[in-house]
Amino acid sequence: MKRYQGNILLIELLIVILFFSLSQVLMVRVFASAHQKSQDSGMLRHALLACENVAEQLSVSEEPDTVLLRLGFNGQDGQYLYCHEKGFDVYVTCQRQDQPGGELLSSTITAQKDDDVILTLPVSFYVQKEGTV
């Protein structure tokens, strides 16, 4: 009889070890997923701050090309790129449209990681012509 009880104890011990091993695997996966989501949200926050900074600078300037070059962007003819150290790149596309009373300066600021677009911000600025009301 004692031998029979020893086998049951061993089986129970193996089941408990198996249960804890499986729960450990699941918890590691959950924590790895949470860590990845935390990194992604941090990158999104940094991208949003960088794009907002550029948008604020562009929204008050009549010369977006000069502003972008001063901020460290590379490019010309309305297409600009800034490689950011946080794992994403910032692209700016500028356009000028003549209007009857002035000029509409519009820009699109895009943050990308590899080929995935993280976010896009539009910016517009209207410059009135001299002598128009």
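Counting restarts for each chain: residues are numbered from 1 in the order of the written sequence. The predicted origin of the model limits local features to residues at a pLDDT of at least 70 and limits the giving and counting of side-chain atom pairs to 80 or more, whereas totals for whole chains, interfaces and linings rest on all residues. Hydrogens and water molecules were not included; the side-chain quantities draw on all heavy atoms of the structure.

It is characteristic of soluble globular proteins that their nonpolar side chains tend to be buried jointly. To define a nonpolar core, start from buried Ala, Val, Leu, Ile, Met, Phe, Trp, Tyr and Cys residues and group those joined through side-chain atoms within 4.5 Å. Buried residues are those whose accessible area, probed at 1.4 Å on protein chains only, stays under 20% of the maximum for their type, while exposed residues exceed 50% and partly exposed ones sit between those limits. If you look at the biggest cluster of nonpolar residues, it comprises 19 residues, and the most contacted ones within it are Leu58, Leu68, Val92 and Ile109. Helix and strand assignments come from DSSP, with helices taken as H or I runs of at least 4 residues and strands as E runs of at least 2, each series counted from the N terminus. Where this core is concerned, the elements lending two or more residues are α1 (2-58), α2 (64-70), β3 (89-99), β4 (102-113) and β5 (116-128). With seven residues, the single largest contributor to this core is α1. Each residue touching Val92, except ones within four places of it in the same chain, is listed here: Val54, Leu58, Leu68, Phe73, Gly78, Gln79, Tyr80, Ser107, Thr108 and Ile109. Whether two residues are in contact is decided by their heavy atoms: any pair within 4.5 Å suffices.

Note: two strands are recorded as paired if DSSP finds a minimum of 2 bridges between them. Across the sheet, five strands lie side by side as β1-β2-β3-β4-β5; this open sheet has antiparallel pairing. Either end of the sheet is taken by a strand with one partner, and the two such strands are β1 (74-76) and β5. Going across the sheet, the axis of each strand differs from the next one's by a mean of 15°, ignoring polarity. Pairing of β1 with strand β2 (residues 79-83), which is carried by three bridges, proceeds in the antiparallel orientation. Of the residues in β2, the one forming a bridge with Gly75 is Tyr80. What counts as an axis is a line fitted to C-alpha atoms, over the stretch in contact for a helix, and the angles between N-to-C directions run from 0 to 180 degrees.

A few words on the side chain of Ser107. Within the secondary structure, Ser107 sits in strand β4. Accessibility expressed as a relative area gives 7% for Ser107, which makes it buried. Setting aside anything within four residues of it in sequence, one finds Ser107 in contact with Leu58, Val92, Thr93, Cys94, Leu121, Pro122 and Val123.

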